[in-house]
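# Tertiary structure, described
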Amino acid sequence: MISALKRRALWVGLGLFFVMVLPFIFTGYKTSIATEILIFAILAMSIDILAGHSGRTPLCHGAIFGVATYVVLYYVTVTGGSVWVGSLLGILAAVLTAVVFALLAIRTSGVYFILLTLALGMIVWGLCLRWTSVTGGENGLRGTVRPEWLANQVHLYYFVAVCFVVLTYAMWRFVNSPFGQTLKGIRESESRMRTLGYDVSIHLFLGFTVSGLFAGIAGALYAFFNSFVSPSTVALAQSVEGLLMAIVGGAGSLLGAIIGSALVIILENAVSLYTERWLMVLGFMFIITMLFAPQGIVGAVKSLMTRYGRKPAQKSSQ
Amino acid sequence: MDRRRFVKSLSAAATVASVSSLARTASAQSGGNIRIGLLAPLTGVLAAGGKELVEGFELFWKQNGTTVAGRRIEIIIEDDASNPDTALQKARRLVEQRDAHFLVGNILANTGLAVAEYVKSNGVPYFISVVAADDLTQRKRIPNVVRVAGYTASQMPRPLAEFAYKRGARKIITISQDYTFGHEQCGGFAQTFSEMGGSIVQQFWHPINTADFSPYLAQIQSSGVDGVFVMETGADANRMLQQYSNFGLKGKIPIYGAMNLTDQSVIRTLGPECGGIFSSAHFCEGSDNAQTRKFVSDYEKAYSKLPSLYGFSQYACAMWINEAMKQISGKVEDRAALLKAVNGITLENSPLGRPVKMDRYGNPIYDVFIRETRVRADGKFWNMPVEVFPQVSQFGKYDPETYMKQPSYSRTFQGIKK
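Model, not experiment: these values are computed from the prediction.

All right, on to the overall build of chain A then. A tally of regular secondary structure across chain A gives 15 helices and two strands. Computed over C-alpha atoms, the radius of gyration of chain A comes to 19 Å, within 12% of the 20 Å expected from 2.2 N^0.38 for 318 residues, which places it in the range of a compact globule. The buried share among the 318 residues of chain A stands at 47%.

Right, let's get into the overall build of chain B. Helix and strand counts for chain B stand at 13 helices and 15 strands. On C-alpha atoms alone, chain B measures out to a radius of gyration of 23 Å, which is about the 22 Å that the 2.2 N^0.38 rule sets for 418 residues. When the backbone C-alpha atoms are referred to their principal axes, chain B occupies close to 85 × 50 × 50 Å. Taking all 418 residues of chain B together, the buried fraction comes to 50%. The long-range fraction of contacts in chain B, counting pairs at least 24 apart against all pairs at least 6 apart in sequence, stands at 72%.

Moving on to unusual backbone geometry. Residues and elements named next belong to chain B. Although it is not a glycine, Ser82 sits at a positive phi angle of roughly 55°. Here Ser82 is to be found in the loop between strand S3 (71-79) and helix H3 (84-96). With 23 C-beta atoms counted inside 10 Å, the residue Ser82 sits in the buried group. Backbone geometry places Gln391, a non-glycine residue, at a positive phi of 50°. Mapped onto the elements of the fold, Gln391 is located in strand S15 (residues 381-392). Overall, Gln391 belongs to the exposed group, with 10 C-beta atoms counted inside 10 Å.

All names here are of chain B. With respect to the helices, strands and loops of the structure, Arg239 is situated in helix H8 (residues 234-246). When the C-alpha positions of Arg239 and Ser329 are compared, they lie 48 Å apart, and in sequence the two are 90 residues distant. Arg239 has contacts with Ala211 and Phe213, leaving out every residue within four places of it along the chain.

All right, on to helix H5 (residues 157-166) of chain B then. Residues and elements named next belong to chain B. H5 sits mainly inside the fold: seven of its ten residues count as buried. Tucked inside the fold, the buried residues of H5 contact strand S7 (171-177), helix H6 (180-196), strand S10 (255-257), strand S11 (278-281), strand S14 (364-375) and S15. Residue Gly168 follows H5 closely and has a positive phi angle near 110°.

Residue and element names in this part refer to chain B. Per-residue confidence for chain B gives a mean pLDDT of 87, with 93% of residues at or over 70. Within chain B, no element has a lower average pLDDT than helix H1 (residues 3-29), which sits at 45, and none a higher one than strand S9 (residues 228-231), at 95. pLDDT under 50 marks residues 9-30. Its contacts with residues more than four places away, or in other chains, come to four contacts. For this predicted complex, the interface score ipTM comes out at 0.80, alongside a pTM of 0.83.

Take the sheet that holds strand S1 (residues 34-40) of chain B next. All names here are of chain B. Here six strands make up an open sheet; going across it, the order is S2-S3-S1-S4-S5-S6 and the pairing mixed. Single-partner strands in this sheet number two, and they are strand S2 (67-68) and strand S6 (145-146). Of the pairings in the sheet, the one linking S1 to strand S4 (residues 102-105) comprises four bridges and is parallel in character. Looking across to S4, one finds that Leu38 is bridged to Val104. Each of S1, S3 and S4 is contacted by helix H2 (residues 47-64), which is oriented at about 155° to S1, the strand it contacts most.

Bringing the pairing of S9 of chain B into the picture now. Residues and elements named next belong to chain B. Alternating residues of S9 divide into Val228 and Val230 and Phe229 and Met231, and every residue in both groups is buried. Summarising the sheet, S7 and S9 pair through four bridges and their orientation is parallel. Note that in S9 the partner of Ser176 across the bridge is Met231. Across three bridges, S9 lies against S10 in parallel orientation. Along S10, the bridge assignment pairs Phe229 with Tyr256.

Our focus in this paragraph is the packing of helix H12 (residues 236-250) of chain A against helix H13 (residues 254-274) of chain A. All names here are of chain A. Packing of H12 against H13 brings their axes to within 7 Å, and their N-to-C directions diverge by 115°. Crossing handedness for the pair H12 and H13: right-handed. Mapping the contact onto sequence places Glu241, Leu244, Met245, Ala246, Val248, Gly249 and Gly250 in H12 and Gly256, Ala257, Ile258, Ile259, Gly260, Ser261, Leu263 and Val264 in H13.

This part is about the packing of helix H11 (residues 309-327) of chain B against helix H12 (residues 335-344) of chain B. All names here are of chain B. H12 packs onto H11 with a crossing angle of 125° between their chain directions and a minimal axis gap of 9 Å. Of the possible angle classes, the one that applies to H11 and H12 is oblique. When you trace H11 past H12, the crossing you get is right-handed. Contact residues: Trp320, Ala324 and Gln327 in H11; Leu338, Ala341 and Val342 in H12. For the contact of H11 with H12, the per-class residue count stands at five nonpolar, one polar and no charged.

How each quantity is defined
- Residues numbered from 1 in each chain as written.
- Chains lettered and ligands numbered in written order.
- Predicted model: local features only at pLDDT ≥ 70, side-chain atom pairs only at ≥ 80, totals over all residues.
- Helix = DSSP H or I, 4+ residues; strand = E, 2+ residues; numbered from the N terminus.
- Rg over C-alpha atoms; globule rule 2.2 N^0.38 Å.
- Buried ≥ 20, exposed ≤ 12 C-beta atoms within 10 Å, placed from the backbone.
- Contact = placed C-beta atoms within 7 Å.
- pLDDT = per-residue confidence, 0-100.
- Pairing = 2+ DSSP bridges.
- Axes fitted to C-alpha atoms, helices over the stretch in contact; angles between N-to-C directions.
- Left-handed = near helix turned anticlockwise from the far one by under 90°.
- Parallel < 35°, antiparallel > 145°, perpendicular 65-115°, else oblique.
- Nonpolar A, V, L, I, M, F, W, Y, C, P; charged D, E, K, R; others polar.

Right, here's the structure in full:
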């Protein structure tokens, strides 16, 4: 047991070390890619709270994420407010959106949940596209929101990295808390949890809201990173990409979401160097993952490790 | 993890690091080349237009060689996927990873605006030949964003409004796609037309990708107007022309079209339904000017189709940049000098056959043609010049400073004089 704990601590330490030295290894443009990976990893993990840990697959997190981005950019570039107040408002807006979505969607499950969240996300997209006077319509909103000391790419990376580490820890605590265990229980069997006296709706509602909070923080960070937002940020494609990151990496594991985010963004960038049909390559990758590693990359590695004798670090960390 | 595995992973990390730093030195050493980053939508809704953009650009370098003042020109093409987020990401990569000296291209206004915002922060020159959003060279001008062989949206429809009024039109309905490019083109027309004394009876705005225009067409039919201003691009333009003709309106109520309505990218696949339509633009593929004819036949030879505005614009853009680079002996690293050269050039030998130069705001002043679509000997339709309005700037007849005090055109502000 102690050795397992030690091993885990070593891995976490190594991961932290890697995150911290990364800008020295991958300089210039690659640092900005790394920043993007961390932001999307937060989004993918927030999706995983629902998709992996609660058994509800949402297709609206792109919208929740993008609402925060919109609010930050609107507050800073149009009304000229401070970026920190803007970020707070953005995250608040994302949480409110999540609350409304949750109220409408948590009573459903399975395909109905997917379709309902998809429709809700599309409403946000439609609003951003048509409410031209506020959202800038098709053109979106532009403007640098970063304060002076974050103008440098490396500084921004470290800022995002610190947020990423704190948020990852928070999410890890969340899914491993008794509350998180209840969510897992609901995933396994809703009726049994109900018989045991748990209020399934309240738990899912809170789970959804917390997930929205993290997606919102990611969205606010994205405003820092991108200095630009348009309807494509809240579009279905964004929600799908976030979900695919979580699934490819391994649903039900926060580490999987991080790996998924890294994999998808690196592939996007590497493959598009060679062909404009990079979306096709991405599609094939997803199909192959679904065929050969339906549990995602983390799941596949775990089962390989069990097969070759070594038990995975006890009852899986996440 | 035991020590051996730790050493293994560490050495792996070190290898990755050294390989990536090697790649960087390699790219730094090739500093002799001039690297142009070309952004074009090769996938997504504007894939066809994006392809023509690349074709036009490549045709010029094929004809004129890829060397300027002893430096080889390297063109790095990236797909913006018709999506502003992708465009921004690709622009970042072109500048930060591929060390492009300057950027050219993009079609959609939202992709162009995203890239413009990015270059605003780092000063990389960005030359747009198609992105037409008015404010880029007006109210929100960025000094390193220049419309090389480009145009602003409201620039071209103003002469068309004068032409329509002179032809006797007094009451006009406008129908237009509901996004910035539509608002601005429509605004240019509506403001000029109403200030001359005509009246804009009604304005229809429809979402991009409208399949059925009959509700609008029915209203146009019963309205008793003597002209319709139609602003459509791509597939919408195609459908509009067909349905207008099917509805029996063609030949009864004349269409005054914004430049993209009868662009080759639209009418290439159409028959008689696209004939006899007036539009205004600086380029006229059916012009009998010797230089235009040469360009059109070269383009037809190379790609076996008539050039569209996209192909032409990017060709002229390449020519313009080439002249500027020659002037500064290929020293593109000096951004200020490059921008000064680009802004100062009078382009003599472009396919337009007329000298073109920039105004003080980084937008070219053109002789604008009123064009009519007519059939060529081989049955293909093309735009022939009918009338020319010399020296039209992005501000039309207005004084730039006063003009920029009025708000930008939008669905709610069209500058219509009551």
